[in-house]
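Residue-level structural notes
Each chain is listed here by its residues.
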Amino acid sequence: MTIEEQIYEFAKKRHLEAGITTAEPFSQLYPVLSQKAKELEGFVEKDINKRIDPKLTMKDAKSIIVLAMGYGYRKKKAICQSTLTGEFSIAAVATDYHTLLKAHLKELAFYLEQKIPDFKAMAFVDTGPLVDRAVAIRAGLGWLGKNGSVHTSKFGSLAFFGYLLTNLSLEQKNAVIGSCNACQCCIDNCPTGALSKNMFHMKKCISYLTQTKTILPIEMMKTMGNQLYGCDICQVVCPKNQKALSSFTEVETTFSLEALLHCSNKIFSEKIGKTASGWRGKKILQRNALIALANSKSKQALPLLEEALQDKRPLIRQTAVRAIFILQQPEGVLLLEKAEKTEQEYDILQEIQHIKNQLKAGE
């Protein structure tokens, strides 16, 4: 077997898909990356040239080997679900896929090291400078769907990607031709309008919103429902993903909002820290829990919001204030009046007073 055939066989035995492309620059991406540089700040490599040219990361890179790993899980159907629970994406439950896919890449690198003298490789899963989707497409792993994700033959768009930069000269895999045709299930079902025929509005995407680190506007909070991390809507409604989904294992994706808000650092590390959502940290997921409380429209949320109004962290307190406004419960006024007496941050105090007056006016 050729080295390329051995790489594909390696992937097949591990229920993965493999693709290969050259280490030539992805020059066509420069205009788009330049336009979206500010929008993507904090999520990707800042140096656009490094995002385009593999050789700026590995000087003697000649080829890129890409592995695709299926999500492996689908949401378990809830029999009786509490209003005070939140949802994690199926991509962010169980063991962190970064860890699993990185292990596969390292095993592949070790396998090739045994066969090829002077073999060199660098492995990346999400943390690499290159645009993963562009690399996967050029490596012949799939095509770009209207949901903005790469569709592979084995996993649909329910796949994670990782790659090895290598000093091997390997044969490029043939491109995969595919299309959504007239289907626009993902566009029609996106609750925020993040997807459209011509572009992806990243800052409207619920998955993006759950990962931001700042206070969110009230209108954006309302669109997030009870999502704690990520969003699967555009994935699970896709007809081309149904075969892969049916083969995945059911997993619990719901989490108690009270448990999340009350968890210690140790419990967070044990329960969530080892999943793909853990990297964002407890504070952001607790902020999202407060937003889920707001969208629950339940009076049961009030005691938890009252606690959050006294939290040491300004982001949590201010989110709780806005959550009380969204909740639209008369008792919320009393909670804000109590918080008004102790709040030291001027901006938060001003917002407490403003929202309190708005709630009173609506009585």
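Scroll up to find the structure this text is about.
To start, this report covers the structure provided alongside it. (Residues numbered from 1 in each chain as written. Predicted model: local features only at pLDDT ≥ 70, side-chain atom pairs only at ≥ 80, totals over all residues. Heavy atoms only, no water.)

**A word on the sheet that holds strand β9 (residues 227–229)**
- The mixed open sheet is built from three strands, whose spatial order is β9-β4-β11. For this open sheet the edge positions go to β9 and β11 (254–256), each flanked by a neighbour on one side alone. Adjacent strand axes in the sheet meet at a mean angle of 40° when their direction is disregarded.
- By the bridge criterion, three bridges tie strand β4 (residues 85–88) to β11 in an arrangement that is antiparallel. Note that in β11 the partner of Thr85 across the bridge is Ser256.
- Contacts between helix α13 (residues 282–296) and the sheet are confined to β4 and β9, with β9 contributing the most and set at about 175° to the helix. (Pairing = 2+ DSSP bridges. Helix = DSSP H or I, 4+ residues; strand = E, 2+ residues; numbered from the N terminus. Axes fitted to C-alpha atoms, helices over the stretch in contact; angles between N-to-C directions. Contact = heavy atoms within 4.5 Å.)

**Some remarks on the environment of Ala109**
- Residue placement: Ala109 occurs in helix α4 (residues 97–115).
- What makes Ala109 buried here is its relative accessible area of 10%.
- Separated by 28 residues in the primary sequence, Ala109 and Ile137 have C-alpha atoms spaced 21 Å apart.
- The contact partners of Ala109, leaving out residues within four places of it in the chain, are Phe119, Ala121 and Leu164. (Buried < 20%, exposed > 50% of the residue type's maximum accessible area, 1.4 Å probe, protein only.)

**A short note on the sheet that holds strand β5 (residues 121–124)**
- Here four strands make up an open sheet; going across it, the order is β1-β2-β8-β5 and the pairing antiparallel. In the strand order of this sheet, the two ends are held by β1 (17–22) and β5, each with one partner. In this sheet, neighbouring strand axes are inclined to one another by 20° on average, regardless of whether the strands run parallel or antiparallel.
- Alignment of strand β2 (residues 63–70) against strand β8 (residues 159–166), held across eight bridges, turns out to be antiparallel. From the neighbouring strand, Ala68 faces β8, where its bridge partner is Phe161.
- Against the sheet, helix α1 (residues 3–13) engages β1 and β2, with an angle of about 145° to β1.
- Along the sheet, α4 contacts β2, β5 and β8; its crossing angle with β2, the most-contacted strand, is approximately 135°.

**Some thoughts on the packing of α13 against helix α15 (residues 314–327)**
- The contact between α13 and α15 brings their axes to 8 Å, and the two run at 15°. One element, α13, and the other, α15, form an angle in the roughly parallel class. In the packing of α13 onto α15, the handedness of the crossing is right-handed. Between α13, through Lys283, Ile284, Gln286, Arg287, Leu290, Ile291, Leu293, Ala294, Asn295 and Ser296, and α15, the contact on the second element is made entirely by Leu315, Ile316, Thr319, Ala320, Ala323, Ile326 and Leu327.
- When grouped by side-chain class, the residues that make up the contact of α13 with α15 number 11 nonpolar, four polar and two charged. (Parallel < 35°, antiparallel > 145°, perpendicular 65-115°, else oblique. Left-handed = near helix turned anticlockwise from the far one by under 90°. Nonpolar A, V, L, I, M, F, W, Y, C, P; charged D, E, K, R; others polar.)

**Observations regarding the packing of aromatic side chains**
- Evaluation of the coordinates by the stated rule reveals five aromatic pairs.
- Between Tyr97 and Phe160, the ring centres sit 3.7 Å apart and the planes meet at 0°, which makes this aromatic pair stacked. Within this pair, whereas Tyr97 is found in helix α4, its partner Phe160 is found in strand β8, the two being separated by 63 residues in sequence. Here Tyr97 and Phe160 have matching classes, each one buried.
- Judged by centre distance (5.4 Å) and plane angle (40°), the ring pair of Phe124 and Tyr163 falls under tilted. Of this pair, Phe124 sits in strand β5 while Tyr163 sits in strand β8, and the two are 39 residues apart along the sequence.
- Given a relative accessible area of 12%, Phe124 falls into the buried group. (Phe/Tyr/Trp six-rings, centres within 6.5 Å; stacked < 30°, edge-to-face > 60°.)

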